[in-house]
Amino acid sequence: MAEAIGRRVLITGIANELAGMLARRLEERDDVEYVVGVDVREPHHDLTRTEFVRADIRNPLVTKVITAAAVDTIVHMSTVSAPDSAGGRARMKEQNVIGAMQLFAAAQKSDTVRRLVLKSTTAVYGSDYSDPALFREEDTPRVPPTSGFAKDATEIEGYARAFGRRRGDVDLTILRFANFLGGRMESAMGAFFALPVVPSVLGYDPRLQFCHEEDAVDVLGRVVLGSHPGIYNVAGPGILYLSQCVRIAGRVPAPIPLPLVSAVAALVKRSRRVDFSPEQLRFLQFGRVGDIQRLREDLDFEPRYSARAAFEDFIARRRISGIVDRDEVVRWERELYDFIQRKGQERFIAARRST
Amino acid sequence: MASTDARVISMDEQRAARAAQGGRPRCAATTSEGRPCRNYAVADGYCRIHADEVADPEEAPPARPPARPSGGIDLFEGLRDVLGDDWLDLVKDVAAFARRRLTGDYEVDEFGFDADFTTNVMMPLLRPLHRYYWRVSNSGTEHLPTGGGLVVANHAGTLPADAVMTRLDIFEATGRHARELGADLVFRSPFIGHLGRKTGATLAAGDDADRLLEAGELVAVWPEGFKGVGKHWRDRYKLQRFGRGGFVATALRAQVPIVPTAIVGSEEIYPLVYDVRVLARLLGFPYFPIVAQMFAAPVLGPLSLLPLPTKWHIEYGEPIDTTEYGPEAADDPMAVFDLTDRVRDTIQQMLYRNLMGRRSVFF
């Protein structure tokens, strides 16, 4: 019934940049009748018809919103990835896990909800040396994440799937995004590459996969508006090594011996610029790559940004300037060519004269 | 054209000639442009070029840019002497490589294989070992498939030099990068793990191998694993158990040929005479080798850690067709065991044949 009139969408964590971009995308659509955003922080986006409800998702108010507005689609993207923004790890866990549980409970109660989209992360695969080169959606982590954001995400996915089993009539879509990069979004990787030197673990060079924010919004838009139940890895094609990223950005790597890594991580953490959980440290050792075949075939989505394109766009838009300038290096090379050419010509002329 | 008149003058001759002239008389000939030749005279009042021309114009060696007539050390000539005739391309290649590495402008596949680095750094570094140290010869390279295929070989020698050399040998013969399947210990280790990934190795687990074979890659596997690398000297060229036949199941699933490969010479580079099990367990190594050359340490010092310069031969055997078994045989343990045994027997026979045929360990 609700379908016939137009979609009525609830977005949690609307203050996030990505959620704001999704809301704007949905506002442009005629077949979306109503968008409501829930968050504890006020969003700063340019939103026109999106209604904003200031509430924690653990608040019973959310249930009321779902019922009163006859929401048919819930997009859950309020999972917090850094303890600092939530006010400590304990509160972060509370917000993430308990919040998701209560949201899913409210969704289960509702008889208007037809679709639930969960923004998850490839971090649920963990990161280990015995990992397969590419993780398929059905693969289980070799070493399940034991702490921080990745553990929360794993638990939230567990509750989401339990919800999906109980409400077989609801399309449950879980999107496992790789590390976000882009001009507007704040992301863990973005903050990492903005550090004065880029820390790495000595002797390890992780393979990284990125998801550009524009691709992320496109995929979210597609699953919100269509019907695509299932789990999908979302990332741009291709990978970059951390060392390669550092070079593309022209930055200086700071390899830290493994035994000292925890100490350095604690120091960096204190500076409040980047969060280093044990999970992320493992990630810096072994990296992680998800297989995007299902995204391409089942979702028929071809990302516009490859890992390299996403990273280069991020560098350009964030104006991250390197110590080693790419143009400079290209100029050096050209100068060397020119020098050889010039010398060659001089020699040729000299030789002509002499014969 | 003036350039076609050019003659080869080696630097030494030129220098010697220059030293010989005190008053430096000029050549008496006229150039093709009608001007007097400005070269110094060498003999009979002519410069070297015109002296030759006068004497015998037919016996001209092929044209080449002439040596610089002025004195001093010529950087260009020097580089040419050291690097060979195509030194200019070489300098450009090196500069382009340096630029790519500095700016991160190279492609890496999803497994982490960095073809740019492997081809331009690893292979050139290993080539002297292949060519001069172990003098690797091969036979049966025509058996290497052009599409997907699984190369299966014996493994020994305390350090997995055989794997590295086989990689290089296949690359030299076919220009293809064989992708190795490695044990998880490799990927756990710092430096080695990522060097492995960058040179195209990946974990010897079903998924990765399936993917590579599906993509039509040539995959190389050493199913003896650590049992092979760490085998005792007395067990040299005696194949150990071939894992659990996982590699055969993989080849069956992908329906690619299996190329049995025998490497002779590699099993004698580090004769392992004793395995210190206690130390190995303590350090978490699969074995802790005492190799024969260590006993020469009092005399040779650190040189005693070098592998022995044995003479190697790699034979690529006739491919075993897996299509006759069909992909469903991958789920039939009996068929997998049978085929595993067949591959193992084939390699063992190839080893014996090659061992009989060789003159000595070192030549």
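The coordinates are above.
So, a few notes on the structure that sits alongside this text. Because the structure is predicted, anything quoted here is derived from the model rather than measured.

**With respect to the overall build of chain B**
Then comes step 1: What chain B contains, in helices and strands, is 14 helices and nine strands.
Then comes step 2: For chain B, buried positions account for 45% of its 363 residues.
Then comes step 3: When contacts within chain B are restricted to residue pairs at least 6 apart in sequence, those whose partners lie at least 24 apart make up 70%.
Then comes step 4: Total accessible area on chain B stands at roughly 18100 Å², and carbon and sulfur atoms take up 59% of it.

**Structural notes on the overall build of chain A**
Then comes step 1: Each helix and strand counted, chain A has 14 helices and 13 strands in total.
Then comes step 2: Relative to its 355 residues, chain A shows a buried fraction of 57%.
Then comes step 3: Summed over all atoms, the accessible surface of chain A reaches about 15300 Å², with 52% contributed by carbon and sulfur.

**Structural notes on the sheet that holds strand β9 (residues 313–316) of chain B**
Residues and elements named next belong to chain B.
Then comes step 1: Strand order in this open sheet of seven strands is β1-β9-β6-β2-β5-β3-β4, and the pairing throughout is mixed. A strand with exactly one partner marks an edge of an open sheet, and here the two such strands are β1 (137–139) and β4 (202–203).
Then comes step 2: With four bridges joining them, strand β2 (residues 149–153) and strand β5 (residues 218–221) adopt parallel strand pairing. Within the sheet, the bridge partner assigned to G149 lies in β5 and is L218.
Then comes step 3: Packing against the sheet, helix α6 (residues 161–174) makes contact with β1, β2, β3 (179–182), β5, β6 (258–264) and β9, and its axis sits at approximately 65 degrees to β9.

**Some points on the pattern of salt bridges**
Then comes step 1: For the structure shown, the criterion picks out 50 salt bridges over all chains.
Then comes step 2: The salt bridge involving D105 of chain B is made with R99 of chain B; its shortest N-O contact spans 3.7 Å.
Then comes step 3: D105 of chain B sits in the partly exposed class, given a relative accessible area of 31%.
Then comes step 4: Through salt bridges with shared partners, one network takes in R25, E214, D218, R304, D313 and R317 of chain A.

**Here's the deal with the sheet that holds strand β6 (residues 171–177) of chain A**
Residues and elements named next belong to chain A.
Then comes step 1: If you trace the seven strands from one edge of the open sheet to the other, you get β3-β2-β1-β4-β5-β6-β11, paired in parallel fashion. Either end of the sheet is taken by a strand with one partner, and the two such strands are β3 (51–54) and β11 (230–234). Across the sheet, the mean angle from the axis of one strand to that of its neighbour is 20 degrees, orientation sign disregarded.
Then comes step 2: In terms of strand pairing, strand β2 (residues 32–39) meets β3 through four bridges, oriented parallel. Note that in β3 the partner of D39 across the bridge is R54.
Then comes step 3: Set on the sheet, helix α2 (residues 17–27) makes contact with β1 (7–12), β2, β4 (73–76) and β5 (115–121); between it and β1 the angle comes to about 170 degrees.
Then comes step 4: Sheet strands touched by helix α3 (residues 61–68): β1, β2, β3 and β4. Its angle to β3, the strand with the most contacts, is close to 155 degrees.

**A few points about the packing of helix α14 (residues 326–354) of chain A against helix α4 (residues 87–103) of chain B**
Then comes step 1: Contact pair α14 of chain A / α4 of chain B: the axes reach a minimum separation of 9 Å and the direction vectors enclose 175 degrees. Our classification of the angle between α14 of chain A and α4 of chain B gives roughly antiparallel. Counting all contacts with α14 of chain A, which are made through R326, V329, V330, E333, L336, Y337 and I340 of chain A, the residues of α4 of chain B involved are L88, V91, K92, A95, A96, R99, L102 and T103 of chain B.

**Section: the packing of aromatic side chains**
Then comes step 1: Under the definition given, this model contains 13 aromatic pairs over all chains.
Then comes step 2: Centroid distance F177 of chain A to F180 of chain A: 5.0 Å. Interplanar angle 40 degrees. Geometry classified as tilted.
Then comes step 3: Take F177 of chain A: its relative accessible area is 2%, and that puts it in the buried class.
Then comes step 4: Judged by centre distance (5.5 Å) and plane angle (80 degrees), the rings of Y133 of chain B and W134 of chain B are edge-to-face.
Then comes step 5: Y133 of chain B gets classed as partly exposed once you look at its relative accessible area, which sits at 25%.

**What to know about the nonpolar core**
Then comes step 1: Core analysis: the biggest nonpolar cluster contains 38 residues, and V152, F247, I258 and V343 of chain B have the highest contact counts within it.
Then comes step 2: Sorting the residues of this core by element identifies β2, α9 (206–214), β5, α11 (246–254), β6 and α14 (333–357) of chain B as the ones contributing at least two each.
Then comes step 3: Looking at which element gives the most residues to this core, the answer is α14 of chain B, with seven residues.
Then comes step 4: When residues no more than four places from it in sequence are discounted, the contact partners of I258 of chain B are L150, V152, V248, A251, E318, P319, I320, T322, L339 and V343 of chain B.
Then comes step 5: Residues A23, F177, M185 and L295 of chain A belong to the second largest nonpolar core, which totals 33 residues.

Conventions we followed
Residues numbered from 1 in each chain as written. Chains lettered and ligands numbered in written order. Predicted model: local features only at pLDDT ≥ 70, side-chain atom pairs only at ≥ 80, totals over all residues. Heavy atoms only, no water. Helix = DSSP H or I, 4+ residues; strand = E, 2+ residues; numbered from the N terminus. Buried < 20%, exposed > 50% of the residue type's maximum accessible area, 1.4 Å probe, protein only. Contact = heavy atoms within 4.5 Å. Areas by Shrake-Rupley, 256 points an atom, 1.4 Å probe, with all protein chains shown as cover. Pairing = 2+ DSSP bridges. Axes fitted to C-alpha atoms, helices over the stretch in contact; angles between N-to-C directions. Salt bridge = Lys/Arg side-chain N within 4 Å of Asp/Glu carboxyl O. Parallel < 35°, antiparallel > 145°, perpendicular 65-115°, else oblique. Phe/Tyr/Trp six-rings, centres within 6.5 Å; stacked < 30°, edge-to-face > 60°. Core = buried A, V, L, I, M, F, W, Y, C linked by side-chain atoms within 4.5 Å.

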